[in-house]
Amino acid sequence: MPDQDDSPGQTVLPSEPQDALEMGSDIDAMRIALVVLAVIGTTLMLQFAQPVLIPVVVAILISYVLGPAVTSMHKRGIPRLIGSFIVIALLCGGIGFGVYTLTDEALAIVDNVPTAARRLAARFESRSGEPEGALEKVQEAAQEVERAAEEASQPRPVGRGVTRVQVVEPAFAARDYLWAGGRGLLGFLGQFAMVLFLVYFLLVTGDLFKRKLVKIAGPTLTKKKITVQIMDEINKQISGFLRVQVFTSACVAAATAATLWWFGVQQYIVWGLLAGVFNSIPYMGPLIVTAALGVVTFMQFDDVVKTVSVCGVTLAITSLEGWLLTPALMSRASQMNPVAIFVGLLFWSWVWGVMGTILAVPMLMTLKAVCDRVEDLQPIGELLGE
């Protein structure tokens, strides 16, 4: 009797498609694993190379802002070597003049910190006669825990003839603090000088790197033209975003300083500049400045209504800038998804600390501009955009 598999009505399906499907799933899993490893390796590299990468990123962003001025002077016959030097000299002169002018006001803010602390302590002491609240109960519980810990850690009695020795560290060593502060200042000045040199070289070279990238893009003229178009669009988008950011921060600084002057707040110029600088940090920057101004205003006037008014007006200035001015000045292609901005802010703050918080939005904007123009990276640009 013939086998059922050998009967003419039966067909045997080949196993090649199933094997191909399993191989394809294995390849996809391998790709995902490689992507995850690449992301982890890149993150570790960003953290390890932080002292090198942060000055480079800052220099590139500053060159994007100052580049149009050098290009404009070059079109009028001034060599890029001289134009770059003039721009850098004006930048250093402006920073030096600002530091020299505002040093007294900044020191006055520092001098007012002990006075504010004493006033806060006196205000809390004045409330000590009131009925005991939750805070006082928590403090008493903490004191009881500390007392129990001290009793448990009492030294055990030693035998006869044994001398107990206790090493007492000095409570305050001014030399150590001065040395640490001096090293930090010298390190900052050294990095600032390196950033200025790198900005100068970037401004002098101009479109040198663009020409090199076009040269290595491919042998055909079509690929070279596409590369030029992509780089021009990226440069235009990033430059426009940075100019809008600088302009809006200057507007916020001027409006905040004028508002604080009208309310009679001391050191209003310094606080206005801080509001402009922190305006580049989305969400967190305006809240930090508003909270600090609330404390300063309350310590100066001891008036809750005036404090709330100052905080409300300063927060309204940054809110109107974010809702009206920036969207009106920025193109649709440059606008980003708020969720992507917040996630990027958390990531770069974790990787680079305070500098990562300040540089998060410009770097995200740069990444979006590149992804929008590179075909393989367009899904990432779509995620970052609105």
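Refer to the structure above for everything that follows.
The present account deals with the structure reproduced in this document. (Residues numbered from 1 in each chain as written. Predicted model: local features only at pLDDT ≥ 70, side-chain atom pairs only at ≥ 80, totals over all residues. Heavy atoms only, no water.)

### As for the overall build of the chain
Counting its regular elements, the chain contains twelve helices and zero strands. Moving toward the C terminus, one meets the helices and strands of the chain in the order α-α-α-α-α-α-α-α-α-α-α-α. Looking at the chain residue by residue over its 386 residues, the buried ones come to 26%. Pairs at least 24 apart in sequence give 69% of the contacts found in the chain among residues at least 6 apart. Accessible area of the chain: about 26,700 Å², with a carbon and sulfur share of 69%. (Helix = DSSP H or I, 4+ residues; strand = E, 2+ residues; numbered from the N terminus. Buried < 20%, exposed > 50% of the residue type's maximum accessible area, 1.4 Å probe, protein only. Contact = heavy atoms within 4.5 Å. Areas by Shrake-Rupley, 256 points an atom, 1.4 Å probe, with all protein chains shown as cover.)

### What to know about the packing of aromatic side chains
Scanning all chains against the criterion turns up five aromatic pairs. Between the aromatic rings of Trp262 and Phe263, the centroid separation amounts to 5.1 Å while the plane-to-plane angle is 80 degrees, which identifies the pairing as edge-to-face. Taken together, a centroid distance of 5.0 Å and an interplanar angle of 55 degrees make the contact between Trp348 and Trp352 tilted. You can see Trp348 and its partner Trp352 sitting in helix 11 (residues 338-373), four residues apart, about one turn around the helix. Each of the two residues, Trp348 as well as Trp352, counts as buried. One aromatic cluster is present, built from ring pairs that chain together Phe347, Trp348, Trp350 and Trp352. (Phe/Tyr/Trp six-rings, centres within 6.5 Å; stacked < 30°, edge-to-face > 60°.)

### Topic: a nonpolar patch on the surface
A cluster of nonpolar side chains, contributed by Tyr283, Met284, Leu287, Ile288, Leu315, Phe342 and Leu346, occupies part of the molecular surface with about 640 Å² of accessible area. Elements supplying a minimum of two residues to the nonpolar patch: helix 9 (284-301) and helix 11. The dominant element in the nonpolar patch, judged by the number of residues it contributes, is helix 9, at three residues. For Leu315, the location among the structural elements is in helix 10 (residues 304-329). Note on Leu315: relative accessible area 33%, which makes it partly exposed. (Patch = residues over 30% accessible without salt bridge, like charges linked within 9 Å, V, L, I, M, F, W, Y side chains within 5 Å. Salt bridge = Lys/Arg side-chain N within 4 Å of Asp/Glu carboxyl O.)

### A closer look at the nonpolar core
In this structure, Val199, Trp348, Trp352 and Leu359 are the most contacted members of the largest nonpolar core, which totals 35 residues. If you list the elements that add at least two residues to this core, you get helix 2 (50-75), helix 3 (80-126), helix 5 (174-205), helix 7 (221-263) and helix 11. Residue contributions to this core peak at 13 residues, all from helix 11. Non-local contacts of Val199, meaning those with residues more than four positions away in its chain, are made with Ala59, Ile62, Ser63, Leu66 and Ile88. Grouped together as the second largest cluster of nonpolar side chains are ten residues, Val252, Phe263, Val265 and Trp271 included. (Core = buried A, V, L, I, M, F, W, Y, C linked by side-chain atoms within 4.5 Å.)

### Some words on the packing of helix 2 against helix 11
Helix packing for two helices is described by the angle between their axes and how far apart those axes are. The interhelical angle for the contact between helix 2 and helix 11, taken along N-to-C directions, is 30 degrees, at an axis separation of 11 Å. The angle between helix 2 and helix 11 places the two elements in the roughly parallel class. Considering how the two elements wind past one another, helix 2 and helix 11 form a crossing that is left-handed. On the side of helix 2, the interface is formed by Gln50, Leu53, Ile54, Val57, Val58 and Leu61, while helix 11 contributes Val351, Trp352, Met355, Leu359, Pro362 and Met363. Split by residue class, the contact of helix 2 with helix 11 holds eleven nonpolar, one polar and no charged. (Axes fitted to C-alpha atoms, helices over the stretch in contact; angles between N-to-C directions. Parallel < 35°, antiparallel > 145°, perpendicular 65-115°, else oblique. Left-handed = near helix turned anticlockwise from the far one by under 90°. Nonpolar A, V, L, I, M, F, W, Y, C, P; charged D, E, K, R; others polar.)

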